[in-house]
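Take a look at the letters that make up each chain.
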Amino acid sequence: MQKLGDFKLPHFFNYPPYFTLQPVRDTREKQVQLWKDLILDYCRTQKIFVIGLEEDFALFSNPVIERSLSHEAREAFLSALVSEGRAEWLDKGHRKCLILWHRVQDWADIIFRFVKDNGLEDSVMTVEEIRSGIESRGTELHVIDRTILMRALRVLEQKGKLAIFKGTSADDEGVKFSM
Amino acid sequence: MATNSLPKADLTSSGRPVFLQNEIECSILSSVDLECDDIPNFPLLKSGLLVLTTHRLLWLPDNSSSSSSSSAAAVALPLSFLTHIFSTKKSVKTLFHSPRVRFQASLDSSKSVVMTVVMRGKGDTDAFLAKFWENWRARAWENDVQTQTQAGVGSSSVSGSGPGSGSGGFYTREGAVRMVGVSGILRKEQEMWESTDKSLQEAFQDLNALMSKAKEMVILAEKMRQKLLSGSNSKSSATNDDEVGSKEEMQDWLLSVGIVSPVTKESAGALYHQQLSRQLADYVRIPLERAGGMINLIDVYCLFNRARGTELISPDDLLRACSLWEKFDVPVMLRKFDSGVMVIQNKSHSDEEVFARIKALVTNPDTLRTGISASDAAMTLGIAPGMAKEHLLTAESKGLLCRDISPDGFRFYINLFPEINTDDVYLVKDYGIYNTWVRVASASRLE
């Protein structure tokens, strides 16, 4: 079976029509479903948070069969993810797409568990520390996209689980947990 | 029995009269009654279609009306039976009832009867009467007999379907070859003659000269055909393939020219499209068979006009003739594809059959891996590429195929999407087309 790095590709990745946007409704629905699943799976295993439509993205072309997705097809598949809440356009021109292989709510739950597991219920951390500190190493929070992290923290803030405050240095914010 | 009724007229499957050899339709009137008081039990021939040809006067039941089941059978009166046409007296009385034409005919040697044609429709009665006279006087049927005896080359096959037998109608091979465009030329000549009556005498001579030339041409064409026939039969083994091919082509060509009596606006008048529609339905049967049950409208337009010779029809006329098929009981139909391409197909033609062939085509080990293009399909199915593409697109819309557009072109693959399990994208069942495809595809990559 073909692989992309350590990612195992399904057989149909070598099926040329998989790379052409199908016009017939039933066929297209199935095709879109398969692409959505594959994109989420791949991004989760490879820790990819943002897909740029105009940049090379390994999944969007298959050199073995010499096929690649058209811009229209890329946008169609990502839009399908956006409409399900599994992705968000980062700009109006739909050039960059944020992939949410965990929904924001799920990310909030992960942070909650991370804080509990590490006994950080009442401590203070910087946002940067959550992303790249020793505690988060080996967890899904490691090198998490900053935009997603902030969104998840705001969800928790609204529930009164923590407070976000401006840090001493302008480029980083602090988080005071109170769980 | 013969004295009691008129001879029956044969009709084609779409309700057009079957013409005799060299017989040309001249005028059609609708809502016509044919009456005869001299014959006891004369059938009730009410509001039918009256067709005047160079050889006969035909009365057809009007089957486009709803009460077709009760209508009488079509009858034909050979003009050679006619002994007299009564001139219509203009009187006050004639102003108030439907125009009628009376004539005398002898159905057998002993007895002659008077018949009346009552025209309840709107047709041009005077023009009809003039044509009626003209055709009766022209005695076209006598020329046929002469041509037959002069030609003499056709031996058994030709004389077997001489005038009167009427089998095959305007598909008679002899007829088709003989009349070719000459009938059209003749009629054009005739038209001119009518419009410019100042040089009537002169034109008459022209016409006669043309007639005799026409006879020669017909004899020549017949000779050629006979030669081709006998040549390919007797020594086909001796001659090389090339020669046989060109002979067949030549014969094909000779046969594809010539509808003996094309329906024209002039002869059919208001009934033009209706009659054209019927004639077209009869005509397309053979090309349709050859094309495998479906043929492009444009191709039909070319073939039909070529067969008509000089009496060309417009694309609009063709379209109208085709759309009239819905109203008649004919075995063919017009079909419009989603792409807008229009074709003529047999009513019995089934898409399922075509789909089955396409499916077989895309599931062999090679095409499973590479897909097929429209031209691949055209070659295998033996149809035009444009037609093949329509079939492929229809099969795609039914979910049988899916497309692949790449720099290599536009190709179609068997649709594997329904076979893929969304819960486990890596799962491939031990059987089925997806399994076959996976094996074929991975085998090709190992090579």
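So, here's what we can say about the structure. Keep in mind the model is a prediction, meaning the values are calculated, not measured.

### Here's the deal with the overall build of chain A
Helices and strands together make up the secondary structure of chain A, namely five helices and ten strands. Within chain A, the proportion of its 179 residues that are buried is 48%. For chain A, the proportion of contacts with a sequence separation of at least 24, taken over those separated by at least 6, is 53%. If you sum the accessible surface of chain A, you get close to 8700 Å²; carbon and sulfur atoms cover 48% of it.

### A word on the packing of helix α15 (residues 374-381) of chain B against helix α16 (residues 385-397) of chain B
Residue and element names in this part refer to chain B. As a packed pair, α15 and α16 sit with axes 8 Å apart at the nearest point and diverge in direction by 105°. Overall, the two elements α15 and α16 adopt an arrangement that is roughly perpendicular. Of α16, the residues touching α15 (which contributes Ala-374, Ala-377 and Ala-378) are Pro-385, Ala-388, Lys-389 and Leu-392. Partitioning the contact of α15 with α16 into residue classes produces six nonpolar, no polar and one charged.

### With respect to α15 of chain B
Residue and element names in this part refer to chain B. Along α15, the residues classified as buried are Ala-374, Ala-377, Ala-378 and Leu-381. Seen end-on, α15 carries its buried residues on one side only, within an arc spanning 105°. Where α15 is buried, its residues touch α13 (351-362) and α16. At the C-terminal side of α15, Gly-382 shows a positive phi close to 70°.

### Here's the deal with the environment of Gln-33 of chain A
Following the sequence through the fold, Gln-33 of chain A ends up in helix α1 (residues 25-46). For the pair Gln-33 of chain A and Ala-80 of chain A, spaced 47 residues apart in the sequence, the C-alpha separation amounts to 8.6 Å.

### Considering the pattern of salt bridges
All names here are of chain B. One pass over the full model with this rule turns up 22 salt bridges over all chains. Two residues, Asp-33 and Lys-46, come together in a salt bridge whose shortest N-O distance is 3.5 Å. Placement of the pair is Asp-33 in strand β1 (residues 25-36) and Lys-46 in strand β2 (residues 45-53), with a sequence separation of 13 residues. By relative accessible area, which is 1% here, Asp-33 ends up buried. Two residues, Arg-335 and Asp-351, come together in a salt bridge whose shortest N-O distance is 2.9 Å.

### What to know about helix α12 (residues 315-323) of chain B
Considered for burial, the residues of α12 of chain B that qualify are Asp-317, Leu-318, Ala-321 and Cys-322 of chain B. Along the axis of α12 of chain B, the buried positions cluster into a sector of 135°, meaning they face one direction only.

### Notes on the interface of chain A and chain B
At the junction of the two partners, chain A supplies 25 residues and chain B supplies 23 residues. Overall, the association of chain A and chain B removes approximately 2200 Å² of surface from exposure, summing both partners, and the carbon and sulfur fraction of that is 66%. Summed over the shared surface of chain A and chain B, the result is two salt bridges. A salt bridge links Asp-408 of chain B to Arg-67 of chain A, with the nearest nitrogen and oxygen atoms 3.9 Å apart. Between chain A and chain B we count eleven residue pairs in polar contact (both at pLDDT 80 or more) in total. Here the side of chain A that touches chain B takes six residues from α1 of chain A, the largest share from any one element. When grouped by side-chain class, the residues that make up the side of chain A that touches chain B number 13 nonpolar, eight polar and four charged.

Calculation criteria
Numbers given for residues are sequential positions, taken from 1 along each chain in its written order. Throughout, the order in which chains and ligands are written sets their labels, letters from A for the former and numbers from 1 for the latter. Since the coordinates come from a predicted model, pLDDT governs what is reported: local features require at least 70, and pairs of side-chain atoms require 80 or more to be given and counted, while whole-chain, interface and lining totals use all residues. As a convention, hydrogens and water are excluded, and side-chain values are obtained from all of the structure's heavy atoms. Per the convention used, a helix needs a DSSP run of H or I reaching at least four residues, while a strand needs a run of E reaching at least two, with both numbered from the N terminus. Each residue gets one of three labels from its accessible area relative to the maximum for its type: buried under 20%, exposed over 50%, partly exposed in between, using a 1.4 Å probe on protein chains only. Two residues form a contact once any of their heavy atoms are found within 4.5 Å. In these tables, accessible area is a Shrake-Rupley quantity obtained with a 1.4 Å probe, and a residue counts as shielded only by the protein chains included in the view. Note on definitions: angles span 0 to 180 degrees between N-to-C directions of axes, and those axes are lines fitted to C-alpha atoms, for helices only across the stretch in contact. Here the word oblique covers every angle except those under 35 degrees (roughly parallel), over 145 (roughly antiparallel) and from 65 to 115 (roughly perpendicular). In this classification, the charged set is Asp, Glu, Lys and Arg, the nonpolar set is Ala, Val, Leu, Ile, Met, Phe, Trp, Tyr, Cys and Pro, and all remaining amino acids, among them Gly, are polar. Along the arc lie the directions from the helix axis toward the C-beta atoms. The term salt bridge refers to a pairing of a side-chain nitrogen on Lys or Arg with a carboxyl oxygen on Asp or Glu at a separation within 4 Å. Once two parts are put together, the accessible area they lose, assessed with a 1.4 Å probe and summed over both, is termed the buried area. Any N or O atom pair separated by 3.5 Å or less is treated as a polar contact, with the protein-specific requirement of one donor-capable and one acceptor-capable atom, and with residues adjacent in sequence counted only for side-chain atom pairs.

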